[in-house]
Amino acid sequence: MLKFVRLIAALLCVAIMPAVQAIDAYQKIAQQRPDNLDLSTTVQSAGGYFSATYQLDDACPPMNKIHRWIISLRDRSGNPMSGVELVVVADMPEHLHGMTTRPTVSEPSTAGEYELKGMNFHMPGWWKVTLDASRGGGRDLGYFNILVGEGY
């Protein structure tokens, strides 16, 4: 009986694995860098619920150095946003991987400024930084494009 169960389990793995791999491959499609990459330090969220601006201590994002950002969030009327649960991740769309660190976000000041600690772009190239902002049951995403090690 045990041999039969193992045989069935093995056959199921063989049958299911290509579908699982296809789903995984679908989720991870490398993107080629657009010619007109928007490198703005202020962006509007995808749904238009907030705008975000980032500030760095250096003129360019540093490579392979843990650093911090200050992110200012404003609502549609331009007012500072507090009480936002903010999650930040960064990925390299051309390479299909993210950062080696997990940034943390501080509570905002009264001016809607959030301190982001632990950013580390460990490779040169195009990075896409995603802001996932939730407040009062609503959620929206904002995106920054960053070029690291290319001096802009």
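In this report, we go over the structure that sits alongside the text. (Residues numbered from 1 in each chain as written. Predicted model: local features only at pLDDT ≥ 70, side-chain atom pairs only at ≥ 80, totals over all residues. Heavy atoms only, no water.)

### So, the overall build of the protein
Logical step 1: Helix and strand counts for the protein stand at one helix and nine strands.
Logical step 2: Traced from its N-terminal end to its C-terminal end, the protein shows the element sequence α-β-β-β-β-β-β-β-β-β.
Logical step 3: Carbon and sulfur atoms provide 55% of the accessible area of the protein, an area that totals close to 9,600 Å². (Helix = DSSP H or I, 4+ residues; strand = E, 2+ residues; numbered from the N terminus. Areas by Shrake-Rupley, 256 points an atom, 1.4 Å probe, with all protein chains shown as cover.)

### Some remarks on the packing of aromatic side chains
To describe a pair of aromatic rings, you give the distance between the ring centres and the angle between the ring planes.
Logical step 1: Under the criterion given, the structure shown has five aromatic pairs.
Logical step 2: Here Tyr54 and Trp69 contribute two aromatic rings whose centre-to-centre distance is 4.3 Å and whose plane-to-plane angle is 25°, an arrangement assigned as stacked. Here Trp69 lies in strand S3 (residues 67-75) and Tyr54 lies in strand S2 (residues 50-56), a separation of 15 residues in the sequence.
Logical step 3: By relative accessible area, which is 0% here, Trp69 ends up buried.
Logical step 4: Ring centres 6.1 Å apart and planes at 65° place the aromatic pair Trp69 and Phe144 in the edge-to-face group. In this pair, Trp69 sits in strand S3 while Phe144 sits in strand S9 (residues 138-148), placing the two residues 75 residues apart along the sequence. An identical accessibility class is assigned to Trp69 and Phe144; each is buried.
Logical step 5: Each member of the aromatic cluster is reached from another via a ring pair, and the members are Tyr54, Trp69, Phe121, Trp127 and Phe144.
Logical step 6: In this structure, Lys128 is placed above the aromatic ring of Tyr143, and the distance from its NZ or CZ to the ring centre is 4.5 Å. (Phe/Tyr/Trp six-rings, centres within 6.5 Å; stacked < 30°, edge-to-face > 60°. Buried < 20%, exposed > 50% of the residue type's maximum accessible area, 1.4 Å probe, protein only. Lys NZ or Arg CZ within 6 Å of the ring centre and 35° of its normal.)

### Looking at the sheet that holds strand S5 (residues 97-98)
Logical step 1: The strand order across the open sheet built from four strands is S5-S4-S8-S9, with neighbouring strands paired in antiparallel fashion. Lying at the two open borders of the sheet, with one neighbouring strand each, are S5 and S9.
Logical step 2: Of the pairings in the sheet, the one linking strand S4 (residues 85-92) to S5 comprises two bridges and is antiparallel in character. Looking at S5, one finds that Asp91 is bridged to Gly98. (Pairing = 2+ DSSP bridges.)

### Digging into the sheet that holds S2
Logical step 1: Taken together, the five strands give an open sheet; going across it, the order is S1-S2-S3-S7-S6, and neighbouring strands pair in antiparallel fashion. The sheet is open, and its two borders are formed by strand S1 (42-44) and strand S6 (104-105), each paired with just one other strand.
Logical step 2: Sheet analysis places S6 next to strand S7 (residues 113-119), joined by two bridges and oriented antiparallel. Of the residues in S7, the one forming a bridge with Thr104 is Lys117.

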